[in-house]
Amino acid sequence: MGSFPTQRAERPQPAPYDITELPPAHRHHLPPQQPPPNHSVARTSLPGNPLAPAAARRFVRAALADWTGLALPAAAAITERVADDAVLVVAELVTNAVVHAGTTVELLFRLEEPDADQPAALVLEVSDHHPTRTVRSEHPAADDGGGPEEYGRGLQLVAALAECWGITYRPGLKTVWARLPLDGWDTCPVPGTEPAIQRGLRAAEILAPAPRRPVRDDQEWAGSGALTFLAEASDFLAGQLDEDLVAALAGQLLVPRLADWCAFWLEGDGGEGPVAAPRLARVWHADESAIEPLRAALHKEPPPAPDAGHGGPVPVRWPGSDGDGDADGGGTALACRLVVGGRGLGTLMLGRRGTERVPDAVTALVEDFARRVALAIGAARRYTRQATISRVLQRGLLPSQMAQIPGVASCVVYEPSDDGLAGGDFYDVFQAAAPAAGTDFGTGTGVGLGALPDPRPGTDARPGATDSGLHTDVRPAPATAGSAAGPVTAVQGGGGRPGRWCFMLGDVQGSGPEAAVVTGLARPWLRLLAREGHRVGEVLDRLNRLLLDDATEAAEAAALVVAAAGGPDPQPPSTHLTQPRFLSLLYGELTPLPPEEGGGARCTLACAGHPLPLLLRPDGSVTPVAVPQVLLGVVDDVAYESHTFHLAPGDTLLCVTDGVTERRSRAGRMFDDEDGLAQVLAGCTGLTAQGVADRIRQAVHAFGEGPVADDLALLVLQARERPA
């Protein structure tokens, strides 16, 4: 690859662009040192280390999301493709600055509104503090004199994606900038009808080096060259989780190394049912202008599927050889079945021009390569099936919608850590049926789903009430199954008044099927207990007993299965055969209050082994509104306490899972160390429930370098003024 220009200049730039400090070769288009006031600007500083590009990508994504959320006029034109281009460009520019300068990197990202001369655009400026080191655009010397240069490919990508770009030198500072318009500028279109695959391959197609050998040498495949090629192909295809992407990448590995063109037909994954007709998933040609004619010819006349038991590629007719065929003038075509475990997944077809016979070494290499492609496609399909099952299961475990609470705004953020596994976090907000008024006190047991009576209307049966408005419900430990329990003091958040709404936020131990089982039990049980009129503390008592009983029954059943199969003597259920089914839970209920009683809502909640909820007052003060208690499903001799307080208009209640509080930075610190969560929440004064949720989510993601390792869930409840 030869050198390329250091900037592109398709559009004249406005006068504010300063060029006085540039050498003549760079005096074309420079970004303004001070952006106009009507432009939206985001700035950040990044360390000069390998983590900077990833941080820059996250920063750009966050800025685009903020501008879109603010409904800025120019933001309406930000498409997914433009966002991808911006992320690619900033990653390459920051990488260049880190590699060639090694100083702190200053990143400026600007959204320019359209004016009379210029359309709306995104402008990226990446600056480093080592201006004496120029941006590398080519290797100073090639060892073989004719090989492709290996430097400057990042700038080649920038030149291909940006409308114009350039370099600005100032005292102590060097800035590389790029302008990406939002007016439909078409960067590097890839022929074909797969837009998602086009986006994924665009950077690879731009940066792919030209083949080192203009003439194909088949002799290299007879020795170690074949082993090297197969090893590289295996590494390249391993871990790809989309079958279309596997086909696209495999095509670029084959062409032009082994063939002039190739095509992949993939058969539907129909299980035991009828298999759909194969679809043409990917066509690749060494000459991109010949891709569409070749695609049309292959659609018109698909090759016959070779016999899977043949064991290798078989000759087939050249596409369009009996009429208006390919412009190449014909050649040799081979077809090879893609088979895994005796089951056909599709067909690979490839062609070589002007060759009467494909050498045996190449045929054997194609067969081995096809086997690796088939394995990768099979793995991608298994992952897709698992991810689909997990998504369906996750949708069934979580509520389809959240209830609207009068006078209380709510917002939930839920992000599972792995799309391929059902998460262990769950949430719900629902309306509970009002308990019958005037019911007398009674007795109950610690096990079962029997209804618990409420106190008589107009009475205050809240032990531990204080003048501060926060009180504690203290009850004796629940009785074991089959024994009588003593009198239980009932505390109902709304008394006999109708209109109770319940909310929960829980975290099951582990993830995957085991966590899904517990989630599938806990959320429906909580709904049933709440709608039968049980108090908050009593709901947790009974759920705890149910989890323990269910875990014991499962362990005993597993022990009987092992014994029936002739296995070793079963061990005690608590230490063998099953995972303990325990979870942390924050559960509460809200009763909206009329204006004459202060408005807002009366909130009663209990926390079992869960991060404590935080209450944000309008003055910016943040306080926890619960006490820590033991996890559910661990011990049976525990009585859970509930706490009641007034959620006044303007107050915000934040509930989170440990995916928020235990998010770790690169240095090993957790997000909630030294009350980090409370400090972030204190800065959310004046925001809506949605705004608070977004602010906390962004802070959690920005705290660590990599993706969040645990499921992330948070619930925000905010009391609003209600009309009298």
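As a starting point, this report considers the structure included with it. (Residues numbered from 1 in each chain as written. Predicted model: local features only at pLDDT ≥ 70, side-chain atom pairs only at ≥ 80, totals over all residues. Heavy atoms only, no water.)

### Thoughts on the packing of aromatic side chains
If you walk through the whole model with that rule in mind, you get five aromatic pairs. A centroid spacing of 5.6 Å and a plane angle of 35° characterise the contact between Phe229 and Phe369, whose relative ring orientation is tilted. Taken together, the positions of Phe229 in helix α5 (residues 224-237) and Phe369 in helix α8 (residues 360-397) put the pair 140 residues apart, joining distant regions of the chain. With centroids separated by 5.4 Å and ring planes inclined at 85°, the aromatic side chains of Trp261 and Trp318 adopt a geometry described as edge-to-face. On the criterion of sequence distance, the pair formed by Trp261 in strand β6 (residues 261-266) and Trp318 in the loop between β8 (314-316) and β9 (331-340) is long-range, its members being 57 residues apart. For the residue pair Trp261 and Trp318, the accessibility class agrees, reading buried in each case. (Phe/Tyr/Trp six-rings, centres within 6.5 Å; stacked < 30°, edge-to-face > 60°. Helix = DSSP H or I, 4+ residues; strand = E, 2+ residues; numbered from the N terminus. Buried < 20%, exposed > 50% of the residue type's maximum accessible area, 1.4 Å probe, protein only.)

### Section: helix α13 (residues 689-703)
Its 15 residues give α13 an end-to-end C-alpha distance of 21 Å, which sits within 8% of 21 Å, the value for a rise of 1.5 Å per residue. The inward-facing, buried residues of α13 abut β11 (408-415), β20 (652-656), α11 (658-661), α12 (676-682) and β21 (712-719). (Expected span 1.5 Å × (residues − 1). Contact = heavy atoms within 4.5 Å.)

### Observations concerning the layout of surface pockets
As a volume, the second largest pocket reaches approximately 950 Å³. Together, 30 residues line the second largest pocket, and Arg58, Ala62, Gln698, His701 and Ala702 are the ones closest to its centre. Of all the secondary structure elements, the ones that give two or more residues to the lining of the second largest pocket are β1 (40-46), α1 (52-69) and α13. Counting residues per element, the lining of the second largest pocket draws most heavily on α13, which supplies nine residues. Class assignment of the residues belonging to the lining of the second largest pocket gives a composition of 11 nonpolar, 10 polar and nine charged. (1 Å grid on protein atoms, 1.4 Å probe; cavity = no way out; pocket = protein on both sides within 12 Å on 5 of 7 lines; lining within 4 Å. Points joined across faces, edges and corners; volume = space filled by probe spheres on them. Nonpolar A, V, L, I, M, F, W, Y, C, P; charged D, E, K, R; others polar.)

### A closer look at the packing of α5 against helix α6 (residues 243-254)
Between two packed helices, the angle of one axis relative to the other and the distance separating the axes together describe the packing. Put simply, α5 and α6 touch, their axes get as near as 10 Å, and they point 155° apart. On the basis of their axis angle, the class for α5 and α6 is roughly antiparallel. Regarding α5 and α6, the two cross each other, and that crossing is right-handed. Residue-level contacts link Phe229, Ala233, Phe236 and Leu237 of α5 to Val246, Leu249, Ala250 and Leu253 of α6. Its residues assigned to classes, the contact of α5 with α6 shows eight nonpolar, no polar and no charged. (Axes fitted to C-alpha atoms, helices over the stretch in contact; angles between N-to-C directions. Parallel < 35°, antiparallel > 145°, perpendicular 65-115°, else oblique. Left-handed = near helix turned anticlockwise from the far one by under 90°.)

### Thoughts on the sheet that holds strand β17 (residues 614-616)
Reading across from one edge, β11-β21-β20-β17-β18 is the order of the five strands in this open sheet, with antiparallel pairing throughout. The open sheet is flanked by β11 and β18 (622-624), the only strands paired with a single partner. Averaged over neighbouring strand pairs, the angle between their axes works out to 20° when direction is ignored. The pairing of β11 with β21 spans eight bridges and is classified as antiparallel. Directly across from Val408, in β21, lies its bridge partner Ala719. (Pairing = 2+ DSSP bridges.)

On their own, these measurements won't tell you what the molecule is for.
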